Amino acid sequence: MADNILEVKHLKKYFKTSRGMLHAVDDINFSIERGKTLGLVGESGCGKSTTGRTILRLIEPTAGETIFEGKDINKLSKREMRHMRKDMQIIFQDPFSSLDPKKTVSQIIAEPIIENKILKKKLEIEERVLELMDTVGLAERYINTYPHELDGGRRQRIGIARALAMEPKLIICDEPVSALDVSIQAQILNLLKELQQKLGLTYIFITHDLSVVNHFSDDIAVMYLGQIVEKAPAEELFENPIHPYTQALLSAIPIPELGHRRQRVQLIGEITSPIEPPAECRFLKRCLVCDKELCTKSSPKLIEVSPNHFVACPLKQKELGFEVE
Amino acid sequence: MESEKDRNVEQDILNIENLRVRFETEDGVVHAVNGIDLKLGYKKTLGLVGETGAGKTTTALAMLRLVPDPPGVVECDRLEIDGQDIRSISTAKLEQIRGKDISMIFQDPMTALNPVFTVGEQIAESIEIHEHVSKDEALKKAGDMLELVGIPRQRANEYPHQFSGGMKQRVVIAISLACNPKLLIADEPTTALDVTIQAQVLELMNELKEKYDTSMIMITHDLGIVAEVCDDVAVMYAGHIVEQGSLEEVYGETMHPYTEGLFNSLPNIKNRQAMLKPIHGLMPDPTNLPPGCPFAPRCNYATEECSKAVPALKSVGGTHKVACSRYDFDKDFLIDRRKK
């Protein structure tokens with residue numbers, strides 16, 4: 001039996017708009033084994049960030065269960081949840097706007113420690129801040145600088161130190177390297193990997209960058225308009241993508257090597273609106289292979305077509321010999 | 001006509017020598033571009049690669065004389081586009097050239113369009129000014145341009161906010177190509193877009209470039225995009241070109257340690273277990289550049305000699321040029337990427 005630190009069951013988040021309900025996250029199911037990384041990929045607007053935030057209840061879910069270490073955290077009171085969040089932290093995309101500009105580096109890192117009363121003595125707090133700065137590779141001389149004096153890479157290190165201050169078990173990384181230059185991006189990715197090995201962290205890694213997610217994750221879930229359309233171990237997904245959307249997405253990555261100008265799976269057509277979407281495949285209008293009858297029958301289910309490889313495409317499921325409801 | 005075309009092929013559309021741009025600010029002098037030479041043949045695409053602050057965009061702006069002055073100071077020994085000396089022509093003449101002979105696509109399609117005019121009007125504006133046609137004719141041509149970039153002409157009457165990011169960028173491309181420019185400067189044209197949309201836009205740019213024989217400068221930080229669309233590559237670091245050549249030369253026979261560092265920083269799709277090898281340290285402060293090679297403080301191969309003089313960009317065969325002193329001192333020097 002796998003030691004699953006987190007299980008998400010039928011998680012939904014709908015937003016009310018003037019034109020109806022917007023299905024931002026629509027019936028998502030997955031689990032993560034302790035110490036592993038799940039990559040959540042998709043294009044802007046697919047609901048990957050909302051999923052991350054709904055798991056932490058930074059946004060309250062509409063329905064569904066989020067089982068963290070055997071407990072459904074969606075049932076916890078606000079106060080219990082506050083306590084629970086020590087175990088579940090988040091690192092945000094933009095290190096330029098996620099840090100308080102009026103606080104120094106040491107104040108920013110110390111804030112969660114003081115706020116959650118983890119340490120009380122001033123000296124202990126100071127020691128802990130220095131220790132955290134060392135862990136994330138920030139030199140001691142930056143302790144009294146303000147965020148605006150630092151570059152993006154160092155600011156992201158502060159964000160990581162702040163998340164680590166709570167000694168979390170799970171960290172949701174929401175596009176942690178998207179705002180950084182490639183040479184700095186690699187520094188931060190390596191740091192996150194080292195920390196995972198050292199501290200046994202579990203990550204949910206949210207990104208739109210497919211080469212980064214491939215490098216970083218054990219499992220990858222591909223999202224399209226609020227739903228997971230394919231989920232598989234990283235290697236399997238890149239070698240054998242089954243869902244037409246995953247195939248298009250993978251073929252769109254520009255590869256920095258000679259002789260790679262290749263035939264793309266071009267996507268055409270309009271994107272289905274996430275407001276009150278019909279009960280059919282949401283990729284239908286852009287799909288090149290869809291079957292008018294099969295794909296409009298109902299909202300596709302995620303089926304395990306080979307060990308650990310899940311796909312929500314009725315056409316491919318049928319091709320692979322599975323019964324489609 | 002034919003003979004003129006032949007002559008053009010031999011010449012270069014772009015010829016820059018010793019371009020220097022500095023910004024004289026209260027906090028000191030920012031040395032943004034520090035003596036670069038660039039040449040681009042007709043119908044060719046040059047990829048200008050580098051990280052934030054390398055001076056790529058400033059170089060492009062200097063070509064169009066768009067660097068704000070003050071605080072910007074631009075100096076160069078030669079700046080010719082399509083045989084015209086850009087340095088000496090009048091502002092009025094320059095305005096005729098910008099948008100017609102040379103046009104530029106900016107990074108952010110969300111802010112490049114005017115929110116209070118329809119997209120049709122915005123495309124027609126540049127046609128009306130440069131081609132001296134009536135408003136109706138210009139609007140008709142604007143409709144044609146929209147269709148060319150894959151947007152139905154009926155949508156010409158809509159406003160930018162009614163379009164998605166990818167479609168806005170297509171509108172920007174339509175504007176920049178409306179007057180058939182000889183040189184198109186695209187500054188990170190797809191950075192703000194999703195990968196599948198990026199693929200569409202790149203495909204479209206490649207098609208249009210072929211169709212209209214446009215030369216292009218593609219400014220990007222993405223080595224993957226360069227491999228997809230460019231013929232030539234120039235890698236910039238701290239206002240210098242550190243390596244230059246054809247795509248095959250720079251990618252196949254990489255010579256500069258910084259170029260190698262950029263490749264090593266990228267996750268490898270084929271070998272996901274490989275640990276990334278980032279470039280340690282940070283880009284130098286452009287108000288206070290290190291003496292000698294600007295990359296030396298971050299370079300794994302640097303020796304004492306490297307910080308003595310700024311290395312010159314030297315030819316190493318073919319069109320391949322590299323600015324690294326190690327090759328001067330050590331005849332057998334090879335970076336790791338070449339050893340494999």
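Residues numbered from 1 in each chain as written. Chains lettered and ligands numbered in written order. Predicted model: local features only at pLDDT ≥ 70, side-chain atom pairs only at ≥ 80, totals over all residues. Heavy atoms only, no water.

(A) Structural detail: the overall build of chain A. Within chain A, the secondary structure is distributed over 10 helices and 12 strands. Computed over C-alpha atoms, the radius of gyration of chain A comes to 21 Å, within 12% of the 20 Å expected from 2.2 N^0.38 for 325 residues, which places it in the range of a compact globule. The long-range share in chain A, meaning contacts at least 24 apart out of those at least 6 apart in sequence, stands at 63%. As displayed, chain A has an accessible area near 15,100 Å², and 49% of this comes from carbon and sulfur atoms. Taken as two groups, the 44 positive and 46 negative side-chain charges of chain A have centres that lie 5 Å from each other. (Helix = DSSP H or I, 4+ residues; strand = E, 2+ residues; numbered from the N terminus. Rg over C-alpha atoms; globule rule 2.2 N^0.38 Å. Contact = heavy atoms within 4.5 Å. Areas by Shrake-Rupley, 256 points an atom, 1.4 Å probe, with all protein chains shown as cover. Lys, Arg positive; Asp, Glu negative; His and termini not counted. Charge placed at Lys NZ, Arg CZ, Asp CG, Glu CD.)

(B) Just the packing of aromatic side chains, in detail. This model, assessed by the stated rule, comprises 11 aromatic pairs over all chains. Where Y203(A) meets F216(A), the ring centres are 5.8 Å apart and the plane angle is 35°; that geometry is what we call tilted. Within this pair, whereas Y203(A) is found in strand 8 (residues 202–207), its partner F216(A) is found in helix 7 (residues 210–216), the two being separated by 13 residues in sequence. In this structure, Y203(A) and F216(A) share a single accessibility class: buried. Plain terms: the ring middles of Y237(B) and Y258(B) are 4.5 Å apart, the flat faces sit at 55° to each other, and that makes the pair tilted. Taken together, the residues Y237(B) in strand 10 (residues 232–237) and Y258(B) in helix 11 (residues 257–265) connect sequence positions 21 residues apart. The two residues Y237(B) and Y258(B) agree in class, both being buried. Clustering of aromatic rings is evident, with ring pairs tying together Y203(A), F205(A) and F216(A). (Phe/Tyr/Trp six-rings, centres within 6.5 Å; stacked < 30°, edge-to-face > 60°. Buried < 20%, exposed > 50% of the residue type's maximum accessible area, 1.4 Å probe, protein only.)

(C) Geometry of the nonpolar core. In this structure, I123(B), I173(B), M205(B), M218(B), V233(B), Y251(B) and Y258(B) are the most contacted members of the largest nonpolar core, which totals 64 residues. Leave out the neighbours within four places in its chain, and M205(B) touches I105(B), I173(B), A186(B), P189(B), M216(B) and M218(B). Residues L99(A), A186(A), L191(A) and L192(A) belong to the second largest nonpolar core, which totals 40 residues. (Core = buried A, V, L, I, M, F, W, Y, C linked by side-chain atoms within 4.5 Å.)

(D) Quick peek at helix 4 (residues 122–135) of chain A. All names here are of chain A. The end-to-end C-alpha distance of helix 4, which contains 14 residues, comes to 20 Å, matching closely the 20 Å that a straight helix rising 1.5 Å per residue would cover. Residues of helix 4 that are buried make contact with helix 3 (105–115) and helix 5 (152–164). G137 sits one or two positions beyond helix 4 and adopts a positive phi of about 75°. (Expected span 1.5 Å × (residues − 1).)

(E) Structural context of the pattern of salt bridges. Here the structure, examined in full by the defined rule, presents 31 salt bridges over all chains. The closest approach of N and O atoms between E111(A) and K103(A), which form a salt bridge, is 3.3 Å. A residue is classified by how much of its surface remains accessible, and K103(A), at 24% relative accessible area, is partly exposed. Of the charged contacts, one joins D85(B) and R87(B) as a salt bridge, the two residues approaching to 3.5 Å between their closest N and O atoms. (Salt bridge = Lys/Arg side-chain N within 4 Å of Asp/Glu carboxyl O.)

(F) Focus on the interface of chain B and chain A. Listed by partner, the interface residues are 41 residues for chain B and 38 residues for chain A. Around 3,600 Å² of area is buried between chain B and chain A when both sides are counted, 55% of it from carbon and sulfur atoms. Broken down residue by residue, the surface that chain B buries against chain A is led by E228(B), I269(B) and R272(B), which jointly contribute 21%. Here chain B and chain A share seven residue pairs in polar contact (both at pLDDT 80 or more) between them. Broken down by secondary-structure element, the contributors of at least two residues to the side of chain B that touches chain A are helix 8 (195–212), helix 9 (223–229), helix 10 (247–252) and helix 11 of chain B. Class assignment for the residues of the side of chain B that touches chain A results in 22 nonpolar, 10 polar and nine charged. (Buried area = accessible area lost by both parts, 1.4 Å probe. Polar contact = N/O pair within 3.5 Å; in protein donor to acceptor, adjacent residues only side chain to side chain. Nonpolar A, V, L, I, M, F, W, Y, C, P; charged D, E, K, R; others polar.)

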